[in-house]
Amino acid sequence: MRHSFEASLQELLDEEVDYENLWSNARVMTASRSVERIGTAPATIYVITEDQIRQRGYTSLEDVLGDIPEIEIQQKANTYTNSYYSIRGIGGNERFVILQDGIRISSITGVLHPVQHNFAIYHAKQIEVILGPASALYGADAFSGIINIITKNGAEIKGAEINSSFGRFNTADNSFVAGAAIKDISVMIYGKQYYSAEPNFPEFYQEDFDWYINRYQTNGEVLASQFVPDVTRTVEIEPFAMPTQAYNVGAKVSVGENFTVGFTHHKQIHSTSVANRPEYTLFKKDIRYGTNLTNIYTSFQRTIDKFYFRTIASFNSFTVDEDSNFENVYSGYQKGYKYASEAAFQFDQQFQYYFTEKTNLTVGVLFQSSKALPQTGDLPLPYDGNIPEFSTQQYYIGTNVTDSLGKDLTIFQNFYWTQYQNYGVYAQFKTSFADRLYMTLGTRYDYNTRYQGAFNPRVGFVFSPDAKFNIKLLYGQAFLAPSNQKTFQQFGDFIPTTNDNNQITGFTLPFYHLPNSELRPERNQTFEVNASYAPMTTLRFSGDIYYNTLTDLITDVIQSGKTFKGIEVSAAEVSINQGDATTYGGTFQAIYHQTFGDWKVHTNLAYSYSGGELNEGQLPLSAMHTLRLIGEFSYKNFDVTPSILYRSTSYHTTFKDDAGNALGNEPFWVASLYAGYHIKDNFTIFTRFRNLLDTRYYNTSVPNVTTFVGVPQDPLRWNVGINWKF
């Protein structure tokens, strides 16, 4: 028999995981970049198995993360990402990392992108979710957490599986995975396609869309400026539309246990009018924001006696579709096109030496080279990289005019091409004493040619005398390099000035968001305690508490006295490092599993508390109280999984009441239900209801003066479908 330190990841994951050992003996690889038991891993970690994915009716990564304690998702809350994530009170889709088999598949350059239906999960063996900073192993962006999708290989699948459904609002959700193996060569392919016309929100939320119903639909009226509430303008009236579409395709080829090559591509298109109030934006079918995320990677691993190494080389690219556009108050209700292109090559060499089966040392080096065109301002035409002079010919919308004397007033756009490198080195020492006390010490140093260097240590102590009880004491630091998008983002509306004869004489800028190339990395320091106790094999209690200290947070502020293109900006919005925050809280969880004859019951109850403050004010986009209840019930060929979510108010920092207190959404309860019937072992029919009771509820929007405080959420959504394995 091979020693445990020689066992491959695949061999360790071959073990079937049931509910009795899921929270003690399940094997994970993300916390230490090596395989270990979940009970002794130095992290707060959740594992979702392939059986749970099907039992609960999950079809996307967003579905999975929505049921993880201490992760809060504000759906339909952000123009660029649609859904907006907060982990332990730390908000931002760019603040956590998504891996697949330990290889990064989210943007290497830290750009904002959606995490919704563009991430498939039906090819997963299990999904590991780590809460807390992980920069000591994973570098920049591992600021609030890590998600690792552990995939099956072709030999495990030996066939194909299709999951297909159709439902309300013309919603189609389809996934497939297929695999085969010939001798040592294993091939796995997978994909997901999603489309939804989305609800007609003015029909379901008439009060919130009063302007749309009584002003836009009747007269085509919109507000001309966010700063002058009584001035309107007239635009063409078109039917309400906010469709969403997404797909994800991928493949993995393995040769034996040592060599793997893989490919993933993630695409999503959604409306850029998401979260915005109807007096400031248009809801048209062709107003859209499309993102593309592509990864190509190779991995080679080898074990020689007590020495293990893994070499990963990957290419990661992100683009915004050329026809992505806004039509809102910032673009003067003309089409303002956006474009971005970022590409990075990364080389990661990991070495591991096992002194004994209980003691090992991991060291690694990393090199990353990136080149980017950060997201542009509003372009008058779709970006065309095939035209060499394109970037020099693009003007700011509305400025291509002449004055009364025939002088050309055109103001041309700035394009901020960037190129930089990152060098990293990390080390981690792990040992155990008497199979009860486990210690992890690690650190990482990164040097970025834009932001200089950063050290990020971690310390973990785990006491686990048996499978019934463990307690973890954890400390870690993380940093987050400012993305190119945050650094160079620019938007606003050039307003013509006229003389007494109504002739154009120049422009004013009532509002403009200015780029800031002086941004510094954000930093996070975390202390946490995690404990778990199982008085019997069918019942387990767990809890954790955490305390985060965040410094140099990037926040948007309004400044005066600024100019752009030689024009004074009345209200200049600038991203700067002036934010300091503390977040603290924890979760209590009870898990019960039992079998009664033909019945199988699994229940999961989790209460989470989240507190803190940002710049001595209200912590935004993080509810103080969250309660999740999930029940999984199986009887013979039937599966039923009801779930309930309660969330208290999440606050919006831009809008305040007369007393200066932050406003937010109303607390809400929302219920969901999945039900399936197995006609055969390989064929299932199912239905799923989201917002089962058709509740009218709201999420909080990402702060902006033109957005809703509380964004209307989906009414009842249902779908019916089949799952077929062959």
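Residues numbered from 1 in each chain as written. Predicted model: local features only at pLDDT ≥ 70, side-chain atom pairs only at ≥ 80, totals over all residues. Heavy atoms only, no water.

The subject of this paragraph is the overall build of the chain. When helices and strands are counted, the chain shows nine helices and 45 strands. Over its C-alpha atoms the chain spans a radius of gyration of 26 Å, differing by no more than 12% from the 27 Å that the globule rule assigns to 726 residues. Based on the C-alpha atoms only, the size of the chain along its principal axes is roughly 90 × 55 × 55 Å. Counting over 726 residues, the chain shows a buried share of 59%. (Helix = DSSP H or I, 4+ residues; strand = E, 2+ residues; numbered from the N terminus. Rg over C-alpha atoms; globule rule 2.2 N^0.38 Å. Buried < 20%, exposed > 50% of the residue type's maximum accessible area, 1.4 Å probe, protein only.)

What follows is about helix H7 (residues 210–219). Listed in full, the buried residues belonging to H7 are Trp211, Tyr212 and Tyr216. The buried residues of H7 occupy an angular sector of 85° when the element is viewed end-on, so they sit on one face. Looking at the buried side of H7, the elements it contacts are helix H6 (201–204), strand S14 (221–223) and strand S15 (232–234). (Arc of directions from axis to C-beta. Contact = heavy atoms within 4.5 Å.)

Counting across every chain of the model gives 36 salt bridges. When the shortest N-O distance is used, the salt bridge between Glu70 and Arg88 registers 2.6 Å. Of this pair, Glu70 sits in the loop between helix H3 (61–65) and strand S4 (71–78) while Arg88 sits in the loop between strand S5 (82–87) and strand S6 (90–91), and the two are 18 residues apart along the sequence. Here Glu70 matches Arg88 in class, with each residue buried. When salt bridges that share partners are traced, they join Glu238, Lys284, Asp286, Glu327 and Lys335 into one network. (Salt bridge = Lys/Arg side-chain N within 4 Å of Asp/Glu carboxyl O.)

As summarised here, the arrangement of the three strands in space is S4-S5-S6, forming an open sheet in which the pairing is antiparallel. Looking at strand neighbours, the two that pair on one side only are S4 and S6, the edges of this open sheet. Sheet analysis places S4 next to S5, joined by five bridges and oriented antiparallel. From the neighbouring strand, Ile71 faces S5, where its bridge partner is Ile87. (Pairing = 2+ DSSP bridges.)

Structurally, Ser34 can be placed in the loop between strand S1 (27–28) and strand S2 (36–37). Taking the relative accessible area as the measure of exposure, Ser34 reaches 8% and is therefore buried. In this structure the C-alpha to C-alpha distance between Ser34 and Gln352, which are 318 residues apart in sequence, comes to 9.0 Å. The contact partners of Ser34, leaving out residues within four places of it in the chain, are Val28, Met29, Gln352 and Tyr354.

A few words on the sheet that holds strand S9 (residues 124–131). An order of S3-S9-S10-S7-S8 is seen for the five strands of this open sheet, with the pairing classed as mixed. Of all the strands in the sheet, the pair left with one neighbour each is strand S3 (44–49) and strand S8 (103–104). In this sheet, S9 lies alongside S3 in antiparallel orientation, the contact comprising six bridges. By the bridge assignment for S9, Tyr46 is matched with Val129.

In this structure, Ile53, Leu61, Leu65, Ile71, Ile121, Ile127 and Val129 are the most contacted members of the largest nonpolar core, which totals 34 residues. When residues of this core are assigned to their parent elements, the largest contribution, four residues, is made by S9. Ranked by size, the runner-up nonpolar core spans 26 residues in total, among them Met242, Val274, Ile287 and Val711. (Core = buried A, V, L, I, M, F, W, Y, C linked by side-chain atoms within 4.5 Å.)

Inspection of the sheet shows strand S25 (residues 437–448) paired to strand S26 (residues 452–466) by twelve bridges, in the antiparallel sense. Bridge pairing in S26 links Tyr438 to Val462. In this antiparallel pair of consecutive strands, S25 and S26, the connection spans three residues. Sheet topology note: the S26/strand S27 (residues 469–480) ladder contains seven bridges and is antiparallel. In the strand pairing of S27, Val462 is matched with Lys472. Taking the residues between adjacent antiparallel strands as the criterion, S26 and S27 are bridged by two residues.

This part takes up unusual backbone geometry. You will see that Lys76, though not glycine, has its phi angle at about 55°, which is positive. By the secondary structure assignment, Lys76 is in strand S4. In this structure Lys76 comes out as buried when scored by relative accessible area, which is 13%.

By the definition in use, this model includes 41 aromatic pairs. Measuring from ring centre to ring centre gives 6.1 Å for Phe201 and Tyr205, while their planes differ by 35°; the resulting arrangement is tilted. Here the basic side chain of Arg450 rests over the ring of Tyr420, its NZ or CZ set 5.1 Å away from the ring centre. (Phe/Tyr/Trp six-rings, centres within 6.5 Å; stacked < 30°, edge-to-face > 60°. Lys NZ or Arg CZ within 6 Å of the ring centre and 35° of its normal.)

Here we take up the environment of Pro482. Tracing the backbone through its elements, the reader meets Pro482 in the loop between S27 and helix H9 (484–488). Sequence spacing of Pro482 and Asp321 is 161 residues, and the spatial spacing of their C-alpha atoms is 22 Å. Those residues within four positions of Pro482 in sequence are excluded, and the remaining contacts are Tyr451, Thr487, Leu519, Arg520, Pro521 and Ile554.

With that settled, consider the pairing of strand S31 (residues 522–536). Where S27 meets S31, twelve bridges bridge the pair, whose relative direction is antiparallel. Residue pairing across strands places Leu474 opposite Glu528, the latter belonging to S31. Here twelve bridges tie S31 to strand S32 (residues 539–559), and the two strands are oriented antiparallel to one another. Considered in S32, the bridge of Gln525 is made with Thr549. Between the end of S31 and the start of S32, which pair antiparallel, lie two residues.

Let's shift gears to the environment of Leu480. Mapped onto the elements of the fold, Leu480 is located in strand S27. On the basis of relative accessibility, which here comes to 3%, the residue Leu480 falls in the buried class. Each C-alpha atom, one on Leu480 and one on Ser135, is 8.8 Å from the other, the two residues being 345 residues apart in sequence. In contact with Leu480, other than residues within four places in its own chain, are Glu94, Arg95, Asp141, Phe143, Pro521 and Glu522.

What follows covers the side chain of Gln126. Considering the arrangement of structural elements, one finds Gln126 in strand S9. From its side chain, Gln126 meets the backbone oxygen of Arg27 in a polar contact 2.9 Å long. Among the polar contacts listed, one links the side chain of Gln126 to the side chain of Glu128, at a separation of 2.9 Å. (Polar contact = N/O pair within 3.5 Å; in protein donor to acceptor, adjacent residues only side chain to side chain.)

This part takes up the confidence of the model for the chain. For the chain, the mean per-residue pLDDT works out to 92, and 97% of the residues sit at or above 70. Contacts of residues 1–8 to residues separated by more than four positions or lying in other chains number 14 contacts, the stretch itself having pLDDT below 50. (pLDDT = per-residue confidence, 0-100.)

Considering the arrangement of structural elements, one finds His117 in the loop between S8 and S9. Given the relative accessible area of 11%, His117 is considered buried. If near-sequence neighbours (up to four positions away) are discounted, His117 is found in contact with Ser60, Lys192, Tyr194, Ala246 and Gln268.

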